[in-house]
Amino acid sequence: MNIETTLKEDIRVAIRQCFDTAVEEIILQPTKKEFEGFYTFVTFALTKALRRSPADIGQAIGTYLAEHSSVVSTFNVVQGFLNISLKDSTWLELLRAMRAEGTFGTQPANGQSVMVEFSSPNTNKPLHLGHLRNNFLGDSVARILTANGYEVVKTCLVNDRGIHICKSMLAYRELGRGETPESSGIKGDHLAGKYYVEFDKTYKKQIAELVAQGTSEDEAAKKAPWMQEAQQLLLKWEQGDPETVALWHKMNGWVYEGFEQTYRKIGVSFDKTYYESDTYLLGKDIIEEGLRQGVFYRKEDGSVWIDLTEEGLDQKLVLRGDGTSVYITQDLGTTELKYSDYGNDRYIWVVGNEQDYHFNVLFAILKRLGRAYADGCYHLSYGMVDLPSGKMKSREGTVVDADDLIETMRQTAETRTRDLGKIEDFASEEAQQLYNTLALGALKYFLLKVDPKKRMLFNPEESIDFQGHTGPFIQYTHARICSILRKAEQLAIAAEVPSHERPLHAAEQDLIFYLSLYPSRVQAAGQELAPSLISLYAFELAKVYNQFYAEVSIFADPDPQAVQLRVALSAVVAKTIKHSMELLGIEVPERM
RNA sequence: GGUCCCGUAGCUCAGUUGGAUAGAGCAUCUGCCUUCUAAGCAGACGGUCUUUGGUUCGAAUCCAAACGGGAUCACCA
């Protein structure tokens, strides 16, 4: 039963009966807190057609509903706003339906498949806070789409080759003295990152020297010995030089071990990992095809271009003069590969908004080439995580390291939990588990509560909160409910919704109302690809429950049916909180 | 310079696609643990929704311009 649909239908009938007029679409909004009621129908739009005052219209519809609707109890009209309340029997019926539905909030399979590509790290540096936003977003979007009935394939395209990789390889070869993760005790990805920074230091020094000798800035950047050597190294790698390839394998291996640890820690995984070293040569045949079709054109120097000025974009290079690929060439090839591997209906790339232009170009080219899957392609463009000082830059060391941040959060969780002293009977392993759950809950929630499209600010000076609009607040509410449910079990009180009508407490009505919104929120989040909608919902629901908890005593009520109802209601809230948090990739503890 | 985003409380963010007196959290202040977990609840304080025009019964929301911030416009990825 969908209460909104029922109500809208009843309003449609009311308008027909009262005014002999058919209305195409009825829109309801939640009633504001300061007014009585749960659903509000705005009548202003009807005034012209009906030639009546907004208040008259509201009064007439309200009266009709109160008399004829099977779900409406009372109403009030404020200006042009018709505020509607539901019968307690309707609330109870809604609650029963939610309890009966094992998959509350999820949609049945829709027969469509979607690929979500996210994370896509570079193997020359460890993950930072920006990567975490990407990972959590991609992971959550995949979960949300699954809940919406899609078959989801999570993929990761590892950027494991290129000049930047060669830079850290070169610096390691020159300065590394055979250092390994084992010998240094440094996690593999951090070790590679260390030499990437080392490269930059030496490189900058070399540029400065050249400039001091009178070379121009631009030229110095090109002529600096290490830049030249890095390029040589890239060439050697492409030619398969055994020594270079061996070093590449060794260092990337370290990085993968490091990444694997981090991924495991944050609970992110992939169904398929693509490596750019396997795919970077793809796409050239597509260029040939496009040339034959006249989609691309060749300049005298041999380079291949596309003119996208009609689409509001520019002329864009798709193949270098020497016949080698550029970024867009590889992406064309990789997209084709994904399609031939999986044949999905939709493709989503979770990539920062700094690449908006690139994806506009990519999709425009796919359309020009007449690819059927082009329409299913979508760039989930998310905003950067900025620091108060501005953008994070790996080379300059102005990044918030993912592993460090997680460890800091874990420590905070531990300190706070210890201070509160609620889990003194926990085994040490159990306690560690809880600290992790809370730390990751706080961190994930912090990054997922903001609209993905918007850039967001992280201030390292201010730690991420564990109180208020946070993950731990929601986790706490869940633990609280679990405590109630444990007590109910001890007292042998069954969770049951009374079959007959009984007057409900306002806080109970509020809770059932919020619960009833959940499926539509999951759908909206799926449509918008916005985990923030789920985040916000979980918070609101937890807040409403805490209000209920403070206002209503669950076990002290003399009416046993009231107690059973409140236990049942609590159980549904716990289930819904858990489910919504799962969609965010956040675990909820039973005690904390 | 072209294109594209963004501008809401001291700070971080919502605002259900044009509706009521613009909402949360943090911070500050005041109450509430002998009762189901106080990581909580209740309340106070806090706003020229950057500005100026326009569209209409009605604008934070739509349109235009200005100001401010950011991204991008590589034979880098």
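Remember, predicted model here, so these are calculated numbers, not experimental data.

Here is what the cut-offs are and how they apply
Residues numbered from 1 in each chain as written. Chains lettered and ligands numbered in written order. Predicted model: local features only at pLDDT ≥ 70, side-chain atom pairs only at ≥ 80, totals over all residues. Heavy atoms only, no water. UniProt positions renumbered as here; feature names shortened; annotations may be inferred. Helix = DSSP H or I, 4+ residues; strand = E, 2+ residues; numbered from the N terminus. Domains from an automatic or database assignment. Pairing = 2+ DSSP bridges. Axes fitted to C-alpha atoms, helices over the stretch in contact; angles between N-to-C directions. Salt bridge = Lys/Arg side-chain N within 4 Å of Asp/Glu carboxyl O. Buried < 20%, exposed > 50% of the residue type's maximum accessible area, 1.4 Å probe, protein only. Contact = heavy atoms within 4.5 Å. Near = heavy atom within 4 Å. Polar contact = N/O pair within 3.5 Å; in protein donor to acceptor, adjacent residues only side chain to side chain. Nonpolar A, V, L, I, M, F, W, Y, C, P; charged D, E, K, R; others polar. pLDDT = per-residue confidence, 0-100. Expected span 1.5 Å × (residues − 1). Arc of directions from axis to C-beta. 1 Å grid on protein atoms, 1.4 Å probe; cavity = no way out; pocket = protein on both sides within 12 Å on 5 of 7 lines; lining within 4 Å. Points joined across faces, edges and corners; volume = space filled by probe spheres on them. Right-handed = clockwise from strand over helix to strand, strands pointing away.

### Concerning the UniProt feature "domain: DALR anticodon binding" (unreviewed entry) in chain A
- Here, UniProt's "domain: DALR anticodon binding" (unreviewed entry) annotation points to residues 474-592.
- Secondary structure across residues 474-592 divides into 71% helix and 0% strand, with the first and last C-alpha atoms of the span separated by 11 Å.

### As for the UniProt feature "domain: Arginyl tRNA synthetase N-terminal" (unreviewed entry) in chain A
- Feature annotation in UniProt assigns "domain: Arginyl tRNA synthetase N-terminal" (unreviewed entry) to the following positions: residues 5-86.
- Measuring from the first to the last C-alpha atom of residues 5-86 gives 14 Å, for a span that is 41% helix and 24% strand.

### Some details on unusual backbone geometry
- Here Asp20, not a glycine, exhibits a phi torsion of approximately 55 degrees, which is positive.
- Looking at the element boundaries, Asp20 is found in the loop between helix 1 (3-19) and strand 1 (28-30).
- The phi dihedral of Gln79 is positive, around 50 degrees, even though this residue is not glycine.
- Following the sequence through the fold, Gln79 ends up in the loop between strand 3 (72-78) and strand 4 (81-86).

### Comments concerning the domain arrangement of chain A
- The domain boundaries assigned to chain A delineate domain 1 (3-86), domain 2 (162-274) and domain 3 (402-583).
- Taking only C-alpha atoms, the centre of domain 1 and the centre of domain 2 are 66 Å apart.

### As for the sheet that holds strand 11 (residues 346-352)
- Across the sheet, which stays open at both edges, the five strands sit in the order 7-6-5-11-12 with parallel pairing between neighbours. A single partner strand is all that each edge strand has here, and the edge strands are strand 7 (272-275) and strand 12 (377-382). Averaged over all pairs of adjacent strands, the angle between strand axes in this sheet comes to 25 degrees, irrespective of strand direction.

### A few points about the pattern of salt bridges
- Enumeration according to the criterion identifies 29 salt bridges in this entry.
- A salt bridge links Asp189 to Lys187; the nearest nitrogen and oxygen atoms lie 3.1 Å apart. In this structure, Asp189 and Lys187 share a single accessibility class: buried.

### Describing the sheet that holds strand 1
- Across the sheet, which stays open at both edges, the four strands sit in the order 1-2-4-3 with antiparallel pairing between neighbours. If you trace the sheet from one side to the other, it starts and ends with strand 1 and strand 3, each paired once. Taken over all neighbouring pairs, the strand axes of this sheet differ in orientation by 30 degrees on average, direction set aside.
- When strand 1 meets strand 2 (residues 39-42), the two strands line up antiparallel, connected through three bridges. If you follow Leu28 over to strand 2, its bridge partner there is Phe41.

### Side note on the environment of Leu529
- With respect to the secondary-structure elements, Leu529 resides in the loop between helix 20 (518-528) and helix 21 (531-551).
- Look at Leu529 and you get buried, because its relative accessible area is 3%.
- When the C-alpha positions of Leu529 and Pro452 are compared, they lie 8.5 Å apart, and in sequence the two are 77 residues distant.
- In this structure, Leu529 is in contact with Val141, Leu145, Arg346, Ile348, Tyr378, Leu380 and Pro452, ignoring residues within four places of it in sequence.

### Some points on the protein's contact with RNA strand B
- Asp301, Lys422, Tyr476, Arg480 and Ser483 are the nearest of the 62 residues found near RNA strand B.
- The contact atoms of RNA strand B, taken as those within 4 Å of the protein, divide so that sugar and phosphate hold 61%.
- Within the side chain of Thr40, a nitrogen or oxygen atom sits 2.9 Å from a base nitrogen of RNA strand B.
- At 3.2 Å, a side-chain N or O of Lys454 approaches a phosphate oxygen of RNA strand B.
- Among the elements of the structure, strand 2, strand 4, helix 16 (402-420), strand 14 (456-457), helix 18 (471-490) and helix 21 are those that each provide at least two residues to the surface near RNA strand B.
- The residue makeup of the surface near RNA strand B, split by class, is 29 nonpolar, 15 polar and 18 charged.

### Describing the confidence of the model for chain A
- Averaged over all residues, the pLDDT of chain A is 94; the fraction at 70 or higher stands at 100%.
- Least confident of the elements in chain A is helix 2 (residues 47-50), whose mean pLDDT is 86; most confident is strand 5 (residues 113-117), at 98.

### Quick look at helix 1
- Its 17 residues give helix 1 an end-to-end C-alpha distance of 24 Å, which sits within 8% of 24 Å, the value for a rise of 1.5 Å per residue.
- Ile3, Leu7, Asp10, Ile11, Ala14, Ile15 and Phe19 are the residues of helix 1 that are buried. Across the axial projection of helix 1, the buried residues extend over an arc of 140 degrees, all falling on one side.
- Its side-chain oxygen at 2.9 Å from the backbone nitrogen of Glu4, Asn2 defines the N-terminal cap of helix 1.
- Positioned one or two residues after helix 1, Asp20 has a phi angle of 55 degrees, which is positive.

### So, the environment of Leu440
- Relative to the helices and strands, Leu440 resides in helix 17 (residues 428-448).
- Since its relative accessible area comes to 15%, Leu440 is described here as buried.
- Along the backbone, Leu440 and Gly471 are 31 residues apart, and their C-alpha atoms lie at a distance of 8.5 Å.
- What Leu440 contacts, discounting residues up to four positions off in sequence, is Lys265, Ile266 and Tyr445.

### Details of the layout of surface pockets
- As a volume, the second largest pocket reaches approximately 540 Å³.
- For the second largest pocket, the lining is made up of 19 residues, of which Thr31, Lys33, Asp510, Phe513 and Tyr514 are closest to its centre.
- Of all the secondary-structure elements, those providing two or more residues to the lining of the second largest pocket are helix 19 (506-516) and helix 21.
- Of all the elements, helix 19 adds the most residues to the lining of the second largest pocket, at five residues.
- Here the residues of the lining of the second largest pocket are counted per class, giving eight nonpolar, four polar and seven charged.

### With respect to the pairing of strand 11
- A large share of strand 11 lies buried, amounting to six of its seven residues.
- Bridge analysis of strand 11 against strand 12 gives six bridges, and the strand direction is parallel. Bridge assignment links Trp349 to a residue of strand 12, and that residue is His379.
- You can see the chain leave strand 11, run along helix 15 (residues 356-368) and come back into strand 12, and the turn it takes is right-handed.

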